[in-house]
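Examining the three-dimensional arrangement
Okay, here's what each chain looks like letter by letter:
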Amino acid sequence: MNIANFPWLTTIILFPIAASLLLPIIPDKDGKTVRWYSLIVGLIDFALIVYAFYTGYDFSNPDLQLVESYPWVPQLGLNWSVGADGLSMPLIILTGFITTLAILAAWPVTFKPKLFFFLILAMYGGQIAVFAVQDMLLFFLVWELELVPIYFLLSIWGGKKRQYAATKFILYTAGGSLFILLSALTMGFYGGTVTFDMQALGLKDFALNLQLLLYSGFLIAYAVKLPIIPLHTWLPDAHGEATAPVHMLLAGILLKMGGYALIRMNAQMLPDAHAYFAPVLVVLGVVNIIYAALTSFAQRNLKRKIAYSSISHMGFVLIGIASFTDLGLSGAVLQMVSHGLIGASLFFLVGATYDRTHTLMLDEMGGVGKRMRKIFAMFTTCSMASLALPGMSGFVAELMIFVGFATSDAYSPTFKVIVIFLMAVGVILTPIYLLSMLREIFYGEENEELVSHQALIDAEPREVFIIACLLIPIIGIGFYPKLLTQMYDATTVQLTARLRDSVPTLTAQKEVQNVSLSAPIIGN
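**As for the pattern of salt bridges**
Under the counting rule described, the total for this entry stands at nine salt bridges. Of the charged contacts in the structure, one is a salt bridge between Arg500 and Asp409, with a shortest N-O distance of 3.0 Å. Placement of Arg500 in helix 21 (residues 489-501) and of Asp409 in the loop between helix 16 (393-406) and helix 17 (413-442) is noted, with a sequence separation of 91 residues between them. Classification of Arg500 as partly exposed rests on a relative accessible area of 26%. Salt-bridge contacts for Glu460 lead to Arg462; the nearest nitrogen and oxygen are separated by 3.0 Å. According to the relative accessible area criterion, Glu460 is partly exposed, its value standing at 34%. Ionic contacts of the salt-bridge type, sharing partners, join the residues Lys168, Asp237 and Arg304 into one network.

Written as C-alpha cells, this is what we have:
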C-alpha cells in the first residue's frame, strides 16, 4: 500500500481500542505487565499521530486533510468518515500526549489494573475519534462512547462519594447528548437530500429560525462538557472524587471536546445563528470567569479549588470564539491546548500531594514545602503557568483573546469596555486564589499532627518526568507561540472570514469599503 494513502486516522483511533481487548488475556498477577503493555501501546499510538501529521499534513491548507471515508451502514446514510484540519489536529496531538502521560501517572494503580488500563486505552481511541470524525451520527456515537470509561473510572476508583459523582456525570453528559442527536437528525433530514456528512451539512441552506433552534440544542450539549455555568456542577464533584490519571483526562482532554464542538458545529456549520448568539457566549464567558474565580477563592478542598479554576479559564475560550477576529479565535484554540497542559499538570500534582498527606483540606496542611521541595517547586511553577505568567502558554493565549476581543468591530465600544474590565477582574482574582493556595499548602508552620503520622517523601523520578514533559510545551509555547499557532492559523482565518460575512453590520461595512475603493478619485 502507498504510504500516502494509508488510513492513518482510522489506525490511530482503532489501534488503542483493539489493543485494550487483549488486556484480559495477558498473564499478570501484580499489574506490572499490564501497565508496561498499556504504556507501550500509548507511546506507539502517539508516535503514529506525530508521524502522520509530520508527513501528511500541510499547515498552509485550511481544509480537511488525511480524509478517509468508508460506507458503514448505507441504509442509514452512516459512513465511517474521518479527517483533520487546523481545529482538530492540535487537539488530536494533545489527546495522545496527555493520555500517554496519564498511563504513566497510573503506575501505582493495583486495584483491578486490567480493567483500569482497558478503560484508559478504550477512552484513548474514543477521544481521538471525537476530534477526527466528520459524520454527525458517528460523532454522536463516539461522543457517547467516551462517557462509559469515565463513568467506570469514577465509580470504581474514585473517592468516598464516587457513586454520586459518577452518576451525576453520566446524567449531565448523557442528557446533554440527546440534544446532539436531535439536532443531528434534524440537520440530516432537512431539505431534499439526507446526509450526515459535516461538510455537506455546512453547505445546506437552513432557515434562520431553524439555525437558531439547532444552535440552542448544540449549545446546551456542549455547555455541559465545556462546562458553562450553570451546567457546570458535575465537574467539581467529578474532580473531587477522581484519581490523578482521571483528573488529567478530565482537565486535559474532556473539557476541550466541548470547546472544539462549539467551534465545529455551532460556529462553522451555523454561522448565521452564531452572529445572534455570539453576545450570549461573551456574557456566559464573563460569568464563567468571574463566578468560577470567586467560587474557587472560597473553596477549602484542593481538588474543587483547581476544578473551579478550570471552569474560570474556559470562559476565555467562549469569548475568543465569539470575538469575530482572527486573533481572538486563534487565542481560543491556543487556550484550549494551553489549559489542557496546565490543568493536567496541576491535577497530577494535587494527586501526588494527596498521596502523601492523605488530605485535601487546606486547613489541615501547612509547611509541607520543607519536606517536599521538588513537589513545592513543581506546584509553584505550574501555578504560575495557570495564573498566566509571561513566558508561559497561558499568558499568550489570554493576551490573544484580550486583544482579539478589544479590536473586534462586531461590538459597541461600551460593551467591549465592560467585558474587558470584567475579564481583567478575573485575571486579577486568579493569582490571588492560586498564591494563597500555595501559601496554605507549603508555607507557614508545619502541621504537627500531619507530619507525625505521614511520611512526607519528596517527588520520585516518575513524577518529575511527567511534570517536565508537561512544562516543556507550556514554556515552549509561551516563548514561541508560533510553534502551535502555525498549525491552525490557515483554518481559523478562513473560519473567521466566514463568520464575519454572517454579521449584517460587518457585511455592510465591507460593502461600503469596497465601493469607496472602487470609486474614482476626484481630480484624476
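There is more to say, and it comes next.
**Focus on the pairing of strand 1 (residues 65-73)**
One ladder, built from six bridges, connects strand 1 with strand 2 (residues 78-84); its direction is antiparallel. Paired with Gln65 across the two strands is Ala84, which belongs to strand 2. Hairpin connection from strand 1 to strand 2: four residues lie between these consecutive antiparallel strands, with Gly77 at a positive phi of about 70°.

**Some words on the packing of aromatic side chains**
Applying the stated criterion across every chain, the model contains 27 aromatic pairs. With a centroid separation of 5.7 Å and 80° between ring planes, the pair formed by Phe53 and Tyr57 is classed as edge-to-face. The residues Phe53 and Tyr57 share a single accessibility class, namely buried. Judged by centre distance (5.1 Å) and plane angle (80°), the ring pair of Phe116 and Trp157 falls under edge-to-face. Here Phe116 is found in helix 4 (residues 113-132), whereas its partner Trp157 is found in helix 6 (residues 147-157), with 41 residues between them in sequence. Both residues of the pair, Phe116 and Trp157, count as buried. Pairwise contacts between aromatic rings join Phe111, Phe116, Phe117 and Trp157 into one cluster. Over the ring of Tyr354 we find Lys303; its NZ or CZ atom is 5.6 Å from the centre of that ring.

**Side note on the packing of helix 12 (residues 271-298) against helix 17**
The interhelical angle for the contact between helix 12 and helix 17, taken along N-to-C directions, is 25°, at an axis separation of 9 Å. Of the possible angle classes, the one that applies to helix 12 and helix 17 is roughly parallel. When the axes of helix 12 and helix 17 are compared, the crossing they make is left-handed. Mapping the contact onto sequence places Pro279, Val282, Val283, Val286, Ile289, Ile290, Ala293, Leu294, Ser296 and Phe297 in helix 12 and Phe415, Val419, Leu422, Met423, Val425, Gly426, Leu429, Ile432 and Tyr433 in helix 17. In terms of residue class, the contact of helix 12 with helix 17 is made up of 17 nonpolar, two polar and no charged.

**Here we look at the side chain of Ser296**
Within the secondary structure, Ser296 is located in helix 12. Judged by relative accessible area, Ser296 falls into the buried class, the value being 0%. Polar side-chain contacts of Ser296 include one of 2.8 Å to the backbone oxygen of Lys305.

**A few points about the nonpolar core**
Within the largest apolar cluster, 187 residues are counted, with the highest numbers of intra-cluster contacts made by Phe139, Tyr222 and Met248. If one sorts the elements of this core by residue count, helix 11 (residues 244-269) sits on top with 17 residues. Leave out the neighbours within four places in its chain, and Met248 touches Ile98, Leu101, Ala102, Ala105, Ile253, Ala344, Phe348, Ile466 and Leu470.

Procedures and definitions
Residues numbered from 1 in each chain as written. Predicted model: local features only at pLDDT ≥ 70, side-chain atom pairs only at ≥ 80, totals over all residues. Heavy atoms only, no water. Salt bridge = Lys/Arg side-chain N within 4 Å of Asp/Glu carboxyl O. Helix = DSSP H or I, 4+ residues; strand = E, 2+ residues; numbered from the N terminus. Buried < 20%, exposed > 50% of the residue type's maximum accessible area, 1.4 Å probe, protein only. Pairing = 2+ DSSP bridges. Phe/Tyr/Trp six-rings, centres within 6.5 Å; stacked < 30°, edge-to-face > 60°. Lys NZ or Arg CZ within 6 Å of the ring centre and 35° of its normal. Axes fitted to C-alpha atoms, helices over the stretch in contact; angles between N-to-C directions. Parallel < 35°, antiparallel > 145°, perpendicular 65-115°, else oblique. Left-handed = near helix turned anticlockwise from the far one by under 90°. Contact = heavy atoms within 4.5 Å. Nonpolar A, V, L, I, M, F, W, Y, C, P; charged D, E, K, R; others polar. Polar contact = N/O pair within 3.5 Å; in protein donor to acceptor, adjacent residues only side chain to side chain. Core = buried A, V, L, I, M, F, W, Y, C linked by side-chain atoms within 4.5 Å.

Everything listed here is a matter of geometry and, on its own, says nothing about what the molecule does.
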